[in-house]
Amino acid sequence: MLTTMASCVSAPQHNTLTKAEIADGWQLLFDGNTLNGWRDYNGDSLTQPWHVVDGCIQANGDGSDLSGYIVTDREFDNFILDWDWKLSYGGNSGMLYHVVEDPYFKVPYVTGPEYQLIDVEGWEKTNAPTKLEEWQKLGVDYAMHLPDPDSMFVNPQGKWNNSRIVFDNGHVEHYLNGHKILEFEAWTDDWFQRKESGKWEMSPEYGLGRKGVLCLQDHGYPASFRNIKIKELSKKIPAKTEFLFNGKDLNGWKVYGTELWYVDKEGCLVCESGKDKQYGYLTTRDYYNDFDLNLEFKQLANGNSGVFFRSFIEPPVKIHGWQCEVAPTGNDTGGIYESYGRGWLVQIPDEKENILKQGDWNTLRIRVEGAHVQTWLNGELMADLTDKKIGATQGRIALQIHDGGGIKVQWRNIRLTRL
């Protein structure tokens, strides 16, 4: 039976910043006395059994896979995160980042990458004959990237260790006791291949967040943390416009559903109803939060479709987020609709319905920045909306095939500028 760890002894230098650190932009995330700034995952207050004990944040070890997670009040995107930790014998915990909160996500690890904290030797002895996989051991980017074993310098069980995560615009580094143990680039082809062929294959939103809360894990073992501090790094925005569709194949996109998505002989992306006549989606594999998107579409048959933004997928084929409508005349093309939420946020005045050129090429522009969304159809402003709920989210861009059958739409020149 596991017992609660002995109290950790606080020293005056713990949970404080030096003048040099303050000047360099470091911030404390734990004041050493209270749990101010922390709350339940997906909650608005702190009810999980975490406590301040002798200048440390301490988990009792009462958590499980589905409970025991606390998160920061604030979201972070690019940063250097540094903390000290100590585990019980056989202890298992972790630090997660870029965690996306939504009632649909029941646990934080289906969105947030994790720096694994575990007493490997004690865990394996306690759970013998079960052994940990390499991707479950100390310091890993959980189920994704392994540390260099020659760089691992771990203090004896029951002693304090120090860890650091650097996340700099997709470049990631893990440190243990001052030694770099791994580094990788997020959102590359290699990164997506790892994600889609392992533990996260059925977690489509894992690791896609460009920002999110930090999360500490009570995984059923007592754990203590102190000196939790962060330095925020600047966001680097690509200056050039990128084409999301290359005119050749669906590289960079992901199909959800059984409806048809293909590239025709004209080099256009085509969505077409299949035999099941159900909803279908073609989503970007990346998240795009603030952007200016321009594209062209032609409705060859029916034309009931749309462009989703700041959206995520609930497997197998359900989308959460916001849609810029693309539909036959009289059905609010350019309007804004919230999927599985409030429904129509902006519908188009009747006098603007003739702006759509059904059966011909149309230009659609969608600009999303913070809580502000604007759409244009063939150069005419169709929607101008500021919405707090939209401003609090992030996610993919997605094209839609509506259910009912008989739909066929061409798309081309899908180009985006990040803001």
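Residues numbered from 1 in each chain as written. Predicted model: local features only at pLDDT ≥ 70, side-chain atom pairs only at ≥ 80, totals over all residues. Heavy atoms only, no water.

Asks: Can you walk me through the overall build of the protein in this structure?
Replies: Assigned secondary structure in the protein consists of 4 helices and 28 strands. Whereas a compact globule of 419 residues would reach a radius of gyration of roughly 22 Å, the protein reaches 24 Å, a difference of no more than 12%. If you line up the protein on its principal axes, its C-alpha atoms span 75 × 45 × 35 Å. Within the span of the protein, comprising 419 residues, buried residues form 53% of the whole. Across the protein, contacts joining residues at least 24 apart in sequence account for 68% of those joining residues at least 6 apart. (Helix = DSSP H or I, 4+ residues; strand = E, 2+ residues; numbered from the N terminus. Rg over C-alpha atoms; globule rule 2.2 N^0.38 Å. Buried < 20%, exposed > 50% of the residue type's maximum accessible area, 1.4 Å probe, protein only. Contact = heavy atoms within 4.5 Å.)

Asks: Whenever I open this one, the side chain of Gln410 confuses me. Can you help?
Replies: Among the structural elements, Gln410 can be located in strand β28 (residues 408–418). At a separation of 2.7 Å, a polar atom in the side chain of Gln410 contacts the side chain of Asp264. Each residue touching Gln410, except ones within four places of it in the same chain, is listed here: Asp264, Glu266, Cys268, Leu269, Val270, Glu296, Phe297, Lys298, Leu300 and Trp361. (Polar contact = N/O pair within 3.5 Å; in protein donor to acceptor, adjacent residues only side chain to side chain.)

Asks: Teacher, can you tell me more about the nonpolar core here?
Replies: Nonpolar side chains tend to gather and get buried jointly when the protein is soluble and globular. Grouped together as the largest cluster of nonpolar side chains are 61 residues, with contacts concentrated most on Ile57, Leu81, Trp83, Phe225 and Ile228. Here the element with the most residues in this core is strand β6 (residues 79–87); it accounts for 5 residues. Leu244, Ile336, Leu356 and Ala383 belong to the second largest nonpolar core, which has 39 residues in total. (Core = buried A, V, L, I, M, F, W, Y, C linked by side-chain atoms within 4.5 Å.)

Asks: Quick question: what am I supposed to make of the sheet that holds strand β22 (residues 336–339) here?
Replies: Sheet strands pair via backbone hydrogen bonds, and the direction of the pair is either parallel or antiparallel. The 7 strands lie next to each other as β15-β18-β27-β20-β21-β22-β23, forming an open sheet whose pairing is antiparallel. Pairing within the sheet leaves two strands with one partner each, and these edge strands are β15 (253–256) and β23 (343–346). Mean inter-strand twist for the sheet, computed between neighbouring axes without regard to direction, equals 25°. (Pairing = 2+ DSSP bridges. Axes fitted to C-alpha atoms, helices over the stretch in contact; angles between N-to-C directions.)

Asks: Is there a simple way to explain the environment of Arg396 in this structure?
Replies: The topology assignment puts Arg396 in strand β27 (residues 396–401). Among the polar contacts made by the side chain of Arg396, one reaches the side chain of Thr283 at a distance of 3.0 Å. One polar contact links the side chain of Arg396 to the main-chain carbonyl oxygen of Thr284, over a distance of 3.1 Å.

Asks: So what exactly am I meant to see when it comes to the packing of aromatic side chains here?
Replies: The geometry of an aromatic ring pair comes down to the distance between the two centres and the angle between the two planes. This model, assessed by the stated rule, comprises 19 aromatic pairs. Relative to Tyr97, the ring of Phe79 lies with its centre 5.8 Å away and its plane at 75°, an arrangement referred to as edge-to-face. With a gap of 18 residues between them, Phe79 in strand β6 and Tyr97 in strand β7 (residues 92–99) connect regions that are remote in the sequence. Relative to Trp187, the ring of Phe167 lies with its centre 5.6 Å away and its plane at 65°, an arrangement referred to as edge-to-face. Taken as a pair, Phe167 in strand β9 (residues 161–168) and Trp187 in the loop between β11 (179–185) and α3 (189–196) lie far apart in primary sequence, 20 residues in all. In terms of burial, Phe167 and Trp187 fall into one category: buried. The aromatic ring of Trp200 is capped on one face by Lys199, whose charged end is 5.5 Å from the ring centroid. (Phe/Tyr/Trp six-rings, centres within 6.5 Å; stacked < 30°, edge-to-face > 60°. Lys NZ or Arg CZ within 6 Å of the ring centre and 35° of its normal.)

Asks: Even after reading the chapter, I still don't get α3, so can you show me in this structure?
Replies: Taken together, the buried positions of α3 are occupied by Trp191, Phe192 and Lys195. One face of α3 carries all of its buried residues, which in axial projection span an arc of 95°. Buried residues along α3 sit against β11. (Arc of directions from axis to C-beta.)

Asks: Please explain the pattern of salt bridges as it appears in this structure.
Replies: Between side chains of opposite charge, pairing is possible as soon as their charged atoms come close. As enumerated under the stated definition, the model contains 27 salt bridges in all. For the salt bridge of Glu205 with Arg396, the shortest nitrogen-to-oxygen distance reads 3.0 Å. Residue Glu205 is located in the loop between α3 and β12 (212–217), and its partner Arg396 is located in strand β27; the two are separated by 191 residues in the primary sequence. By relative accessible area, Glu205 is classed as buried at 2%. Notably, a salt bridge pairs Arg418 with Glu242, separated by 3.6 Å at the nearest N-O pair. Separated by 176 residues along the polypeptide, Arg418 in strand β28 and Glu242 in strand β14 (residues 242–243) bring together distant segments of the chain. Residues participating in the shared-partner salt-bridge network are Asp292, Arg365, Arg367 and Glu369. (Salt bridge = Lys/Arg side-chain N within 4 Å of Asp/Glu carboxyl O.)

Asks: I would appreciate a short explanation of the sheet that holds strand β2 (residues 38–40) in the present structure.
Replies: Pairing is antiparallel in the open sheet, where 5 strands are placed in the order β2-β5-β12-β7-β8. Only two strands of the sheet have a single neighbouring strand rather than two, namely β2 and β8 (114–118). Taken pair by pair, the neighbouring strands of this sheet meet at an average axis angle of 25°, ignoring direction. Two elements, β7 and β8, share 5 bridges in a ladder whose sense is antiparallel. Bridge pairing in β8 links Met95 to Tyr115.

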